[in-house]
Amino acid sequence: MGTPHLVLLHGQPGSRADWDAVADRLPGSRPVVAWDRPGYGDNRLPVSGLAGNARWLADRLAQAEIDDAILVGHSYGGGVALAAAAAAPDRVRGLVLIASIGPGCVNRWDALLAAPVAGPALAMAAWSVLPWVARQVQGHAAAPARESLQALAGIRHEHGRVWRSFLTEQRELLHGLDHWLDRVAELGPPVLIVADPADKVVPITTAHALHDRLPGSRLELVGAGGHQLPRRIPGVIAEQLGEFADSLG
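Read on for a plain summary of the structure. Note that this is a predicted model, so its numbers are computed, not measured.

The next thing to look at is unusual backbone geometry. A cis geometry characterises the amide bond from Gln 12 onward to Pro 13, with omega recorded as -15°. If you trace the backbone, Pro 13 turns up in the loop between strand 1 (5–9) and helix 1 (20–25).

Written out as structure tokens, the structure is:
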């Protein structure tokens with residue numbers, strides 16, 4: 001086996017730029033790719049749920065002739081990594097789930113955002129305004145908040161509306177993950193779970209639940225990152241990715 005590709009999957013909403021600081025800290029000899037997922041950035045494909053993201057990723061890996069990958073998913077991207085590993089196990093050597101969605105991550109706010117009437121109204125209002133506000137204030141924010149504002153400021157979709165992407169994925173978050181999680185548990189690939197106990201978006205109990213559900217997985221707790229680990233502590237994440245890839249040969 002050669003050196004596996006690190007395939008970096010952003011969250012919801014987000015873009016491949018979320019991984020820039022991590023990629024910059026990885027050795028040049030380590031192959032790494034980051035793509036905008038369907039419904040975000042420059043990806044022309046319509047937004048889809050976990051199954052659609054898994055099909056898209058399997059196609060991208062085939063097009064790029066990547067048949068030996070470590071899928072690295074942040075937040076909602078962790079769910080995409082799980083689904084893709086279940087759908088195309090022959091291409092996946094391992095998984096890294098960073099502040100990932102999983103059992104117990106859904107709260108009342110998530111349910112409201114997925115509601116038939118309130119969900120579209122809230123998503124449209126929020127994601128039409130929040131990126132603009134973030135661009136206006138990010139230069140004046142204190143350092144701890146700057147990375148989160150930078151992530152919001154960069155949210156875009158050149159071929160559609162980000163709020164539609166967010167809403168579609170939000171609705172599947174309520175009921176679409178368990179099937180893929182069970183399948184990955186059966187397959188048993190090596191899995192690294194990275195989380196910050198201070199994460200205010202995905203509770204630390206979700207990381208422990210993922211660890212319990214995935215046999216042989218390893219849980220690493222980090223600090224000073226909150227939920228935006230790839231932006232807040234890119235050096236720590238790059239080190240974790242390098243060590244995990246090295247452990248797989």
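More follows now that the structure is in view.
Applying the stated criterion to the full structure yields 9 salt bridges. Arg 231 is paired through a salt bridge with Asp 18; the nearest N and O atoms lie 2.8 Å apart. Placement of the pair is Arg 231 in helix 10 (residues 229–232) and Asp 18 in the loop between strand 1 and helix 1, with a sequence separation of 213 residues. Of the charged contacts in the structure, one is a salt bridge between Asp 246 and Arg 30, with a shortest N-O distance of 2.8 Å.

Pairing is parallel across the open sheet formed by 6 strands, whose spatial order is 2-1-3-4-5-6. What marks the edges here is a single partner per strand, and that holds for strand 2 (32–34) and strand 6 (218–221). With strand direction ignored, the average angle separating the axes of adjacent strands in the sheet is 20°. The sheet contact formed by strand 1 and strand 2 spans 3 bridges and is parallel. The residue of strand 2 that forms the bridge with Leu 6 is Val 32.

Attention shifts here to the nonpolar core. With 38 residues, the main nonpolar core has Val 7, Trp 35, Leu 57, Leu 71, Leu 82, Leu 95 and Leu 97 as its most contacted residues. Breaking this core down by element, the ones donating at least two residues are strand 1, helix 2 (50–63), strand 3 (69–74), helix 3 (76–87), strand 4 (92–98), helix 8 (178–187), strand 5 (191–195) and helix 9 (204–213). Sorting elements by how many residues they give to this core places helix 3 first, with 8 residues. Residues within four places of Leu 71 in sequence aside, it is in contact with Val 7, Leu 57, Ala 81, Ala 84, Ala 85, Val 92, Gly 94, Leu 95 and Val 96. The next biggest cluster of nonpolar side chains, apart from the first, holds 21 residues, and it includes Leu 6, Val 72, Ala 99 and Leu 192.

Time to look at helix 2. Compared with an ideal rise of 1.5 Å per residue, which puts 14 residues at 20 Å, helix 2 spans 20 Å between its outermost C-alpha atoms and is within 8% of the ideal. Looking at helix 2, one finds that the buried residues are Leu 50, Gly 52, Asn 53, Ala 54, Trp 56, Leu 57 and Leu 61. Glu 65 sits one or two positions beyond helix 2 and adopts a positive phi of about 55°.

A word on the side chain of Thr 206. With respect to the helices, strands and loops of the structure, Thr 206 is situated in helix 9. Taking relative accessible area as the criterion, Thr 206 reaches 0% and is therefore assigned buried. Setting aside anything within four residues of it in sequence, one finds Thr 206 in contact with Ser 100, Ile 101, Gly 102, Pro 103, Gly 104 and Cys 105.

So, on to the packing of aromatic side chains. The final tally for this structure, using the stated rule, is 1 aromatic pair. With 6.4 Å between their ring centres and 80° between their planes, Trp 35 and Trp 56 make a pair best called edge-to-face. Taken together, the positions of Trp 35 in the loop between strand 2 and helix 2 and Trp 56 in helix 2 put the pair 21 residues apart, joining distant regions of the chain. Here Trp 35 matches Trp 56 in class, with each residue buried.

Thresholds, definitions, all that
- Residues numbered from 1 in each chain as written.
- Predicted model: local features only at pLDDT ≥ 70, side-chain atom pairs only at ≥ 80, totals over all residues.
- Heavy atoms only, no water.
- Helix = DSSP H or I, 4+ residues; strand = E, 2+ residues; numbered from the N terminus.
- Salt bridge = Lys/Arg side-chain N within 4 Å of Asp/Glu carboxyl O.
- Pairing = 2+ DSSP bridges.
- Axes fitted to C-alpha atoms, helices over the stretch in contact; angles between N-to-C directions.
- Core = buried A, V, L, I, M, F, W, Y, C linked by side-chain atoms within 4.5 Å.
- Buried < 20%, exposed > 50% of the residue type's maximum accessible area, 1.4 Å probe, protein only.
- Contact = heavy atoms within 4.5 Å.
- Expected span 1.5 Å × (residues − 1).
- Phe/Tyr/Trp six-rings, centres within 6.5 Å; stacked < 30°, edge-to-face > 60°.

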